[in-house]
Amino acid sequence: PPRSTLFPYTTLFRSDYVQRIDQSAQFMDAMLGDLLAFSRISQQQLELTVVSLESVIGSLLARLQKEIQDANACVECSGPWPEAQAHEGTLIQVLLNLTSNALKFARPGVPPLIKLSAEEKIGVIRVWVEDNGVGIAPDYQEQIFRLFIRLDRGKYPGTGAGLALVRKGVERMGGRVGVESTPSQGSRFWIELPKAAPAALTRP
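Below or above, wherever it landed, is the structure these notes cover. (Residues numbered from 1 in each chain as written. Predicted model: local features only at pLDDT ≥ 70, side-chain atom pairs only at ≥ 80, totals over all residues. Heavy atoms only, no water.)

Here helix α4 (residues 88-104) crosses helix α5 (residues 162-172) at 150°, and the two axes come no closer than 9 Å. In terms of their interaxial angle, α4 and α5 are classed as roughly antiparallel. Where α4 crosses over α5, the two elements pack in a sense that is left-handed. Touching Thr90, Val94, Asn97, Leu98 and Asn101 of α4 are Gly162, Leu163, Leu165, Val166, Gly169 and Val170, all from α5. The residue inventory of the contact of α4 with α5, partitioned by class, reads six nonpolar, five polar and no charged. (Axes fitted to C-alpha atoms, helices over the stretch in contact; angles between N-to-C directions. Helix = DSSP H or I, 4+ residues; strand = E, 2+ residues; numbered from the N terminus. Parallel < 35°, antiparallel > 145°, perpendicular 65-115°, else oblique. Left-handed = near helix turned anticlockwise from the far one by under 90°. Contact = heavy atoms within 4.5 Å. Nonpolar A, V, L, I, M, F, W, Y, C, P; charged D, E, K, R; others polar.)

Bringing the sheet that holds strand β4 (residues 113-121) into the picture now. One open sheet holds the five strands; their spatial order is β2-β4-β5-β7-β6, and the pairing between them is mixed. Bordering the open sheet on either side are β2 (74-78) and β6 (176-182), each of which pairs with just one other strand. For this sheet, the mean inter-axis angle between neighbouring strands, taken without regard to orientation, is 15°. With eight bridges connecting them, β4 and strand β5 (residues 124-131) associate as antiparallel partners. Across the sheet, residue Glu119 finds its bridge partner in β5, namely Arg126. Helix-sheet contacts for α4 involve β4, β5 and β7 (186-194), and the interaxial angle to β7 is about 175°. (Pairing = 2+ DSSP bridges.)

Turning our attention to the pattern of salt bridges. This structure, assessed with the given rule, holds seven salt bridges. For Glu142, the salt bridge identified is with Arg167, shortest N-O distance 2.9 Å. With a gap of 25 residues between them, Glu142 in the loop between β5 and α5 and Arg167 in helix α5 connect regions that are remote in the sequence. Arg176 serves as the salt-bridge partner of Glu192, at 3.0 Å between the closest nitrogen and oxygen. Pair noted here: Glu192 is in strand β7 and Arg176 is in strand β6, with a separation of 16 residues, a long-range link. Through salt bridges that share partners, Arg126, Arg176 and Glu192 make up one connected network. (Salt bridge = Lys/Arg side-chain N within 4 Å of Asp/Glu carboxyl O.)

Here the focus is the state of the cysteines. Within this structure, the stated rule accounts for zero disulfides. Between Cys77, a cysteine without a disulfide, and Cys74, which holds the nearest cysteine sulfur, the sulfur-to-sulfur distance is 9.4 Å. (Disulfide = S-S within 2.5 Å.)

Attention now moves to helix α2 (residues 53-63). All buried positions along α2 are accounted for by Leu53, Val56, Ile57 and Leu60. Down the axis of α2, the buried set is contained in an arc of 95°. They therefore lie on one face. Exposed positions of α2 whose direction lies more than 90 degrees from the buried face are Glu54 and Ala62. Buried-residue contacts for α2 involve β1 (46-52), β2, α4, β4 and β5. (Buried < 20%, exposed > 50% of the residue type's maximum accessible area, 1.4 Å probe, protein only. Arc of directions from axis to C-beta.)

What follows concerns the nonpolar core. Counting residues in each nonpolar core, the largest one holds 39 residues, and the members touching the most others are Leu91, Leu95, Leu98, Phe189, Ile191 and Leu193. The element that contributes the greatest number of residues to this core is α4, accounting for eight residues. Among all residues touching Phe189, those that are not within four sequence positions of it are Leu98, Val127, Trp128, Val129, Ile136, Ile144, Phe145, Leu163, Gly178 and Val179. (Core = buried A, V, L, I, M, F, W, Y, C linked by side-chain atoms within 4.5 Å.)

Note on placement: Ser181 falls in strand β6. Ser181 sits in the buried class, given a relative accessible area of 13%. Considered as a pair, Ser181 and Gln141 are 40 residues apart in the sequence and their alpha carbons are 7.8 Å apart. The contact partners of Ser181, leaving out residues within four places of it in the chain, are Gly135, Ile136, Gln141, Gly186 and Ser187. Polar side-chain contacts of Ser181 include one of 3.0 Å to the backbone oxygen of Gly186. A polar contact of 2.8 Å, which involves the side chain of Ser181, links it to the side chain of Ser187. (Polar contact = N/O pair within 3.5 Å; in protein donor to acceptor, adjacent residues only side chain to side chain.)

Written out as structure tokens, the structure reads:
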């Protein structure tokens, strides 16, 4: 065929190739950033103090205000909000990751509904982040907390590090994390932290 016939196809091929390279570079950059964040949260010294969950939730909602509006989401906060023994910055990041995931993994055509609440148990405070999203199959509910595990590759953005950061951050504060979920019916993530103590602790 004439050269002029091949030229448009060659141009399209090169454009697609460059786009793929650019997307791969962006993904690798994000992965390296998440890996550094995971290393930092694993090694940094955390001073555990009395933290107001009400203040933490207020900071969280302020940071996610635009994302909540863009997703046409509804966020319900149910008090009371007790005090926990935690590292405030790490706790905000943990709840930020969980709430961002609830916004991201929404069912098509269904506006996200997110419920934030807390309850007191013996010696611990449990904080819930519940959503009405796509849900998680039972076989994958433990895997999602591992580093760089992505269940819906290509369908949702991200590197798969968010929940690994959540678990590591919660464990560094002396707590636990878990999930209850049903596919197509949403997920209920929870974190448990020690109840507030009068004296601050330092975790090396």
